[in-house]
Amino acid sequence: MGKFVFYRQKSVIKRIVVVFSAVLVISLCFYFVRFIVDSKFYGKANSFSLNSSWKNYDYKRVYDLSSEVLYKKKFDYFALTLHGFSAFYLALAETDLMLAQDYLDEAVFNIRIALIYAKKKNIPQLEYMLGKIYFYRNLYTSSYYYADLAVYYLLKSIEDGYKSDDVPEFLGLMYADLGMHHESISYFTEALILRESDTLLLSIAEQYRKVNQNQAAEQYLHRISQNCKDEQIEIKNHLLLGEIYIEQEKYDKAEEEFNFLIGKEVHLADAHYNLGIIYEKQGDLVKARSEWRAALKNQSNHPGALKKIAEYK
């Protein structure tokens, strides 16, 4: 009887071991199959969806899908690239400045990692995108901290063979921020050859003005369209021309420019201040002081007007 019980227990244990082994094998097979499906089918499905969403300019979906891929594969080149690109375009569309900066930071992070894994033929485009992203980071932070990085990556993209018509204008703007006016003029002029616009004409004029080449600046200002649709460009055009005419001692022309601004009720402090300068140079200090006081009424801390009022107390 004892021997029978012993064999029976041994048989039960054997069955348990067999069942456990079978469950273990089935579980391993299940997880293996799931791994294959996730890595093959799921990966392909996401790649297809990413491509489709990208072609449809659905940047939010691209951003979300690439996040899913990167959660599983942190260094997937395709996902890193599209995640960086979509974050950049979401930043441009964002009205919340802080959120836009977060998107730009994420774009930089992903594209810089993508550069490490990129094939040689894809590197120039990534460098170009990094240059543009740093341009907007520079713009959104109201500082020049990223201007040098924007210049570096844009020039690197050109060196590596990438071509885009907007690169010269970006470089012109960044060199202007860096105070490198001659380089800025050079790239703005190159951009002007590709596509003339009132914005570029004004930008070139401003740079020539900063290096005291007023005659060249005036030529570009006169090229700005008489039917300019951008009011800010029109205003800056009249202000710059007026200042140049003062230096050229063309006081009647200068007065016309500043009176135009006063009629438009724009840049009133600067317009009245410069009219005061004209009258001062013509020897009429009564009218000059009157204009400087008018400047201070419109801008109580106008440095030029404050200085002149103090000078002629």
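We now turn to the structure provided with this report. (Residues numbered from 1 in each chain as written. Predicted model: local features only at pLDDT ≥ 70, side-chain atom pairs only at ≥ 80, totals over all residues. Heavy atoms only, no water.)

### Considerations on the pattern of salt bridges
Then step 1. Considering all chains together, one arrives at twelve salt bridges under this definition.
Then step 2. A salt bridge links K132 to D166; its shortest N-O distance comes to 3.8 Å. Taken as a pair, K132 in helix α5 (residues 123-140) and D166 in the loop between α6 (147-159) and α7 (167-177) lie far apart in primary sequence, 34 residues in all.
Then step 3. Overall, the relative accessible area of 11% leaves K132 in the buried class.
Then step 4. E243 is paired through a salt bridge with R209; the nearest N and O atoms lie 3.5 Å apart. Taken together, the positions of E243 in helix α11 (residues 231-247) and R209 in helix α9 (residues 198-210) put the pair 34 residues apart, joining distant regions of the chain. (Salt bridge = Lys/Arg side-chain N within 4 Å of Asp/Glu carboxyl O. Helix = DSSP H or I, 4+ residues; strand = E, 2+ residues; numbered from the N terminus. Buried < 20%, exposed > 50% of the residue type's maximum accessible area, 1.4 Å probe, protein only.)

### Topic: the packing of aromatic side chains
Then step 1. Tallied over the entire structure, the rule returns 20 aromatic pairs.
Then step 2. Relative to Y89, the ring of W54 has its centre 6.2 Å away and its plane inclined at 55°; by these criteria the two rings are tilted. Of this pair, W54 sits in helix α1 (residues 2-55) while Y89 is found in helix α3 (residues 77-93), placing the two residues 35 residues apart along the sequence.
Then step 3. With relative accessibility at 25%, the residue W54 sits in the partly exposed group.
Then step 4. The class for Y89 is partly exposed, based on a relative accessible area of 27%.
Then step 5. With 5.8 Å between their ring centres and 15° between their planes, W292 and Y312 make a pair best called stacked. (Phe/Tyr/Trp six-rings, centres within 6.5 Å; stacked < 30°, edge-to-face > 60°.)

### Digging into α9
Then step 1. The first and last C-alpha atoms of α9 sit 19 Å apart over 13 residues, in line with the 18 Å expected at 1.5 Å per residue.
Then step 2. The buried fraction of α9 amounts to ten of the 13 residues, a majority that puts the element mostly inside the structure.
Then step 3. Regarding α9, the residues found buried are D198, L200, L201, L202, S203, I204, A205, Q207, Y208 and R209.
Then step 4. Just past α9, the residue N212 takes up positive phi, approximately 60°. (Expected span 1.5 Å × (residues − 1).)

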